Structure formats: structure tokens, C-alpha cells
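Given next are the chains, with one letter for each unit.
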Amino acid sequence: MQEAIAITEQPISVSVPVGYSFTLRCRAEGRTSLQYQWFCQHQSVCRQIPGATEQDLPVTAQQTQLYTCRINDLYKNAIFSDWVKVEVHQCVARGLPPRLWRGEPVIVLNPTEQRVEVGKPLQLQCAAMGVPAPSYQWYRNGNLLEHQKKKKLWIPHTKVSDSGTYLCCASNSHGEHWTNAVDIHIGMCRSEKFFATGKIALLVGNNRYQHHPNLMAPVTDVFELSRLLEQLGFQVVSLLDLNKAEMVTAVSRFLQLLGKGVYAIFYYAGHGYEHSGRNYMVPVDAPQPYAPENCISVQRILQKMQQQQTALNLILLDTCRKWYNPECALSQVQPLEPWGNTVYGYATSEDAEAYELQDGEFSSGIFMKYLKKHILQEKKVTHMLEDVLEDIGRDPLVTGKQVMEIKHTLKEARSLTDPICPSGAAAECWGHGHEPLSKMVTFPCGAQVELRFHRLFSNVMYVCAKLQAPPAHVADARLLLCRPTEMDDVAILKESRLDQVESLLASVYKREELDCVFQLCGLQKIQTDVVLQLDLHYTQLSTKQRTCESLQTTLQKSLLGQFFSQRNYSQPDYQRTPACAGSVCLRDALALSTDPKGQASLRTGSGHSLPSSNPSNSSSEPEENDESDLSELCSALLRAGPGQDYP
């Protein structure tokens, strides 16, 4: 049965300065003429506002109050609108709000830096004006804090891991505004003497190779590691399928952000090999057979990391270490600086392969299977890696095939869980702020669609469309999100990896019920704005005719598109590196199957390799660097450094 009175427009809450004039609106429909009466409440006292009997209530803000409107009809039916809050700021800075203010959020109170003992409460506060009143969302180290959605952030019992950089976003229908970022230091007592000035990580997973067998595990491994590192406060960039030029550029930008006291992690999963004590990563465009000049030397990267006076350098290599071409002449080597801050975690030992584990729809490296089990532990990095090593050693699937190796010069008991005491804002632009906000688009027929943008990796984005409740005259609606034709060869994933990445998307956004999903990958190759087309097919109930309407929306070129701009780096010259060809070393696919007795068994791929040379003498020190190549690489990375068009 139809309600006697139905409110068609509710009043909205506002947050305004004292003396600001505005209007509260309420609209309703009924079967007779309607009468309106406004009420206000201040300090638990509710009173009728004399003469406030119109649909619109003009207000000049004097004090914070609650308002509601009662609507009556001639049959003595009555209904109340929602209570709304008029928040009045008595003291705001001169010039606020701006002269032509349209109601967008304006920050009037920023949080302040604090030092808090472990176990004590932490309260941060901010405030913003806006019409409608803004909503709030707090962030720590760039990560969204799920339950901190009020002006006041409250943590009743702080932990060391609560240290970091906090800021809040105030948003309404007119836009958003961010508070200043503040550093919060928790419990710097004597037992917690180690801390990082920042935590920065670069994760690279190469899966789809142009001239070598494809891999599966790097997709899942990079994804899972990035989420764990973000829990530890790391600013993370995770990238899939990079060619050599893109790897050089990504490493260059990574190195630029390192500084004194920073904890730096570089993780690589993909094809690789070892030659004369040097580890090489194989880009997706490496030829077959490849030579060192077609690959990226890990030791070169580490040498540059050390020059930035970092407090901790952690290199994690989830790749093969087979030795090739022993006939190549040995190059001159120079030891790394003895700064006592470097840790190598190898997924496998010298002259050995690293294996993948196939488990249903997901693939994962054996190394990552156990690393993710221990990486959140509050213990020295090397001790944490020793736990990983021991677990791998107990795994019957790789007994006699894969043994992790740790090399380090770490002289202090530094842990990945150490708190952050920032000394600058260099890392703020690394790994965050690149995901577009959701937006609502409206078709001519009145149907609305919400577009959301989910970034599983720094260079892989999903565009998701959700059709809202359609208008009454629209039936059997079907939504299509069309692929940009100009991106056919650039940003569309092959079917070989499509299912796996979509499974990751489903695992993260389990509650999403989406009408269509479209994925963009290889964002580093996109240099222009992307135009997406939405097609809505529906039946008009009045004519029973099938109709199609189209809308276009523009996605601004991603930050990573600028990040990898060809103008920002020069191709390094590797010609002086000894050319020693080597064939690919597979991260062999390790699949679990079950025999009739229920026992797990091991299945590996056919990794072909050239005869290996004699392994070098074992050492607890990190590998050494080729002195003749260092100046060449440094110059290349500096040329790839601060570009004129840096975002």
C-alpha cells in the first residue's frame, strides 16, 4: 500500500564557518496538500523553530546543531525527515573558505606529529568544511585504514607497528582534499633502538617471455609479497613483464628514492642465471640464446643501493642459478663496500634451479610459499630467512632439488617490522596515489553505472562496471565495457595469464558483484589518455523494442605511463660486457598430483642447460661486482634518473 507521505528529498548535513548562510531543503509527496515544520536540537534540547513552515529553511550558521523537518497532511499523517548536522567552525584561517566556494572540502584542522609510548592511546584529529559535510578516510604510510573513517583517529593500545606517516582524506560530491602528512613515533624505548627513515620496495615478476618458456608463479608471488610488505609499512611498486629498458628505468626510479636510513627491498621472480658469481635477471624481450648484455646484473643494482647510505638492503631472488659457459674469461671484480647492511636471500643454491608449485588455479614458487609464512615475524632479517630455509629443507617435494641460500653482512639486528621515523617525504610518490577514484556515469535513458578502478599490480589495472538500479521504463539491461582498439597490441593480457590474474582479483574483491570487468596491463607502455566505451543494451517497456546507448569516458594516462616515458631514460650501453651466450634456465613447473594412495608427488618440466662450471667457493659475503662495468652502469642509471617530465 502506498505511504500517505513519501519524502523525495532529504536535507543534507553541512560543515561551514560561523556566519555562513545556506539553505536546508526537504521535499515530500502526499495525497493531500502538505505542511512543513522544522525543528532543531542543541545540547539535548529539541525545539520547534518559529515560522519555519516552508520546504526550505534559510540558516545563518551560529552554533553546531541538529535539524529535522516534520511533514503533515490533512489527515493528520506525519513523517520526519532524517536528522542532519550543521557543524559550525568558530575559528578558521583568514581567507577560508575561498571567495567562490562551491562546497568542496576545505581543511581547517590538520593532525599534529606525536610521540606515544607503546600501549598508550593515540588520537589524531582533523576537520574540514564542506557542503555536503565531508566524509573522512585515514591512511598510514599510504595504506587505507579500514575502520578509521571519522574526524578523530583513535587507537586505544598502540603497537610499534602503528608508527608511520598518517594523513586523512576529506571528500564529498564536489571533490576531495588531503590533510598534511604527520609522522607518528610509537615507543622508542631502549629495546627498540632500530628504525627506518623509510621503507621502499620494488618487486618485479616476469612471466610472459617473447623467446623463452612462460612462467606462472611470478604473478601470484609478486602479488602476495606486495600485500605483506604493505602491512610492514613499505611503499611498494609491483611490476609484471618488463623488457630490459623498462627494468632499467624502474630500477633507476627506485634508486632515486633511497636515502640514509631507508630499508630497501628488491625482489625479482622470473628467468635468471648465474655466471662467475654474478646473478643476471632475464627481461621478457631477451633473445634466445641470450648473453649478459641482454640481461640485468643484480650486483650492479646492489652497488648503487649501497651508495645511498641505506640502513638495510634486502635482495630476494626467486630465480634459477644455473652456471653457464665456463669458457668465458673471468672479469675483474671489486668487493662491495663493507657497510654491514646487505642481505641476499636466494630461492635456491648455486648451480641449481628454483621450482614452482601448482595448486589448483594458483601457482606459487616454493620459496614464496615459506617466505610469506615468516616475513611478518619480529626478528632479525637473517633469522627470519633462516626459518624459511629450514622449512624449505623439510619440504619432501624439493628434497635434493632446491635448498635456499642466505648471504649477508648485516651487523645489526634489524627487522622488517622495525618502526618508521621519517626524515623526509621522498617516498610519498612511490607506490601510492595512482589508482583513479570511482566515478558515476549516466546514460540518456537515466540508467547509472558506477566505474571502479582496481590495481592489482602497479602496471595492471582492472576497470569494473556496476549497473545501478535501472529506471522503471528500462528492462533486461545488459552492460558492455568495450576494449580500446588502439590498445590491442599493448595493454591486453593473453589468455594464458588472464584466468590467474582474474582469480587474484576475485580473491581480493570477493564481495563485488560486477556487471563487466575490463583489464589494462602493461600500463608503462601507455603514453596517452585511454578512452573507454560503455554500451548499454536494454528493452524499452513502452515499445518493447531493444535499444543500445553508448557512453565514452576518459581514463587519464597513468602515472606509470609517465614513469616509463621514453624521454626519461637513455638506453645503457652494455657492449663492454663480455658476450657469453647462455640458454634459458627454467623455473621448472612443480605440480602436485595425487596417486591412488593419496601421496603427493613431484612433477617438473624439462629444463635444458649447458654443462655447468665449477661453483665458486662458498662464502657468507654477498657477491662481488665487476669493476669495469660499474662506471658504465652508474652513468646509465643516472641518465635514467631525474627526468624533465617526472610526475
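Procedures and definitions
Residues numbered from 1 in each chain as written. Predicted model: local features only at pLDDT ≥ 70, side-chain atom pairs only at ≥ 80, totals over all residues. Heavy atoms only, no water. Helix = DSSP H or I, 4+ residues; strand = E, 2+ residues; numbered from the N terminus. Buried < 20%, exposed > 50% of the residue type's maximum accessible area, 1.4 Å probe, protein only. Contact = heavy atoms within 4.5 Å. Areas by Shrake-Rupley, 256 points an atom, 1.4 Å probe, with all protein chains shown as cover. Phe/Tyr/Trp six-rings, centres within 6.5 Å; stacked < 30°, edge-to-face > 60°. pLDDT = per-residue confidence, 0-100. Pairing = 2+ DSSP bridges. Axes fitted to C-alpha atoms, helices over the stretch in contact; angles between N-to-C directions. Core = buried A, V, L, I, M, F, W, Y, C linked by side-chain atoms within 4.5 Å. Lys, Arg positive; Asp, Glu negative; His and termini not counted. Salt bridge = Lys/Arg side-chain N within 4 Å of Asp/Glu carboxyl O. Polar contact = N/O pair within 3.5 Å; in protein donor to acceptor, adjacent residues only side chain to side chain.

**Brief notes about the overall build of the protein**
- Assigned secondary structure in the protein consists of eight helices and 42 strands.
- Counting the 647 residues in the protein, one finds 54% classified as buried.
- Sequence-distant contacts in the protein: of pairs separated by 6 or more residues, those separated by 24 or more amount to 74%.
- In the structure as shown, the protein presents an accessible area of about 30000 Å², 49% of it carried by carbon and sulfur atoms.

**Concerning the packing of aromatic side chains**
- This model, assessed by the stated rule, comprises nine aromatic pairs.
- Ring plane angle 50 degrees and centroid distance 6.0 Å describe the contact between phenylalanine 39 and phenylalanine 80, whose orientation is recorded as tilted. Within this pair, whereas phenylalanine 39 is found in strand β5 (residues 34-42), its partner phenylalanine 80 is found in strand β9 (residues 78-80), the two being separated by 41 residues in sequence.
- Here a set of aromatic residues connected by ring pairs shows up, and it is made of Tyr20, Phe22 and Trp101.

**Considering the confidence of the model for the protein**
- When the pLDDT values of the protein are averaged, the result is 78; 74% of them are 70 or greater.
- Throughout residues 566-647 the model reports pLDDT below 50, and contacts reaching past four residues in sequence, or to other chains, amount to 228 contacts.

**Some points on the sheet that holds strand β21 (residues 198-205)**
- The strand order across the open sheet built from six strands is β22-β21-β23-β27-β29-β32, with neighbouring strands paired in mixed fashion. Edge positions in the sheet fall to β22 (235-240) and β32 (405-408), since each of these pairs with one other strand and no more. Each adjacent strand pair in this sheet contributes to an overall mean axis angle of 10 degrees, direction not counted.
- Bridge analysis of strand β29 (residues 342-346) against β32 gives four bridges, and the strand direction is antiparallel. Each bridged residue has a counterpart across the sheet, and for valine 343 the counterpart in β32 is histidine 408.
- On the sheet, helix α2 (residues 244-256) packs against β21, β22 and β23 (262-269) and is oriented at approximately 175 degrees with respect to β21.

**A word on the nonpolar core**
- Of all hydrophobic cores here, the largest spans 49 residues; its most connected members are Leu229, Leu371 and Leu416.
- A total of six residues in this core trace back to one element, the largest contributor, which is helix α1 (residues 217-231).
- Among residues more than four places away in sequence, those in contact with leucine 371 are Leu225, Leu316, Met384, Leu385 and Val388.
- If you look at the next biggest cluster of nonpolar residues, it comprises 37 residues, including Ile200, Val204, Met281 and Tyr344.

**Notes on the sheet that holds strand β35 (residues 460-467)**
- Pairing is antiparallel in the open sheet, where four strands are placed in the order β33-β34-β35-β37. Two strands bound the open sheet, and with one partner strand each, they are β33 (439-442) and β37 (516-521). Recorded for the sheet is a direction-independent mean angle of 25 degrees between the axes of neighbouring strands.
- Of the strand pairs in this sheet, strand β34 (residues 448-457) and β35 are connected by eight bridges, and their pairing is antiparallel. Of the residues in β35, the one forming a bridge with valine 449 is leucine 467.

**Observations regarding the side chain of glutamate 549**
- Relative to the helices and strands, glutamate 549 resides in strand β39 (residues 545-555).
- Buried charge without a partner: glutamate 549 forms no salt bridge, and the closest opposite charge is arginine 546, 12 Å away.
- Separated by 3.1 Å, the side chain of glutamate 549 and the backbone nitrogen of cysteine 445 make a polar contact.
- Residues within four places of glutamate 549 in sequence aside, it is in contact with Phe443, Pro444, Cys445, Leu534, Asp535, Leu536 and Tyr538.

**Points about the pairing of strand β17 (residues 152-155)**
- Residues Leu153 and Ile155 of β17 are buried on one face, while the alternating residues Lys152 and Trp154, pointing to the opposite face, are not.
- The pairing of strand β13 (residues 122-125) with β17 spans four bridges and is antiparallel. By the bridge assignment, glutamine 125 is partnered in β17 with lysine 152.

**Describing the pattern of salt bridges**
- A full pass over the atoms with the stated rule returns 15 salt bridges.
- The partner of arginine 25 in a salt bridge is glutamate 9, with the nearest N and O atoms 2.9 Å apart. Placement of the pair is arginine 25 in strand β3 (residues 21-25) and glutamate 9 in strand β1 (residues 5-9), with a sequence separation of 16 residues.
- Classification of arginine 25 as partly exposed rests on a relative accessible area of 35%.

**Concerning the pairing of strand β24 (residues 272-275)**
- The alternating pattern of β24 places Gly272 and Glu274 on one face and Tyr273 and His275 on the opposite face, and all of these are buried.
- Sheet analysis places β24 next to strand β25 (residues 278-281), joined by four bridges and oriented antiparallel. Residue pairing in the sheet places glutamate 274 in a bridge with asparagine 279 of β25.
- Counted between consecutive antiparallel strands, the loop separating β24 from β25 contains two residues, among which serine 276 sits at a positive phi close to 50 degrees.

**Here we look at helix α3 (residues 298-307)**
- Of all 10 residues that make up α3, nine are buried, and the element is covered over most of its length.
- Within α3, the full set of buried residues consists of Val298, Gln299, Arg300, Ile301, Leu302, Gln303, Lys304, Met305 and Gln306.
- In this structure serine 297 caps α3, since a side-chain oxygen of it lies 3.5 Å from the backbone nitrogen of glutamine 299.
- In the segment just after α3, glutamine 309 is the residue with positive phi, at about 60 degrees.

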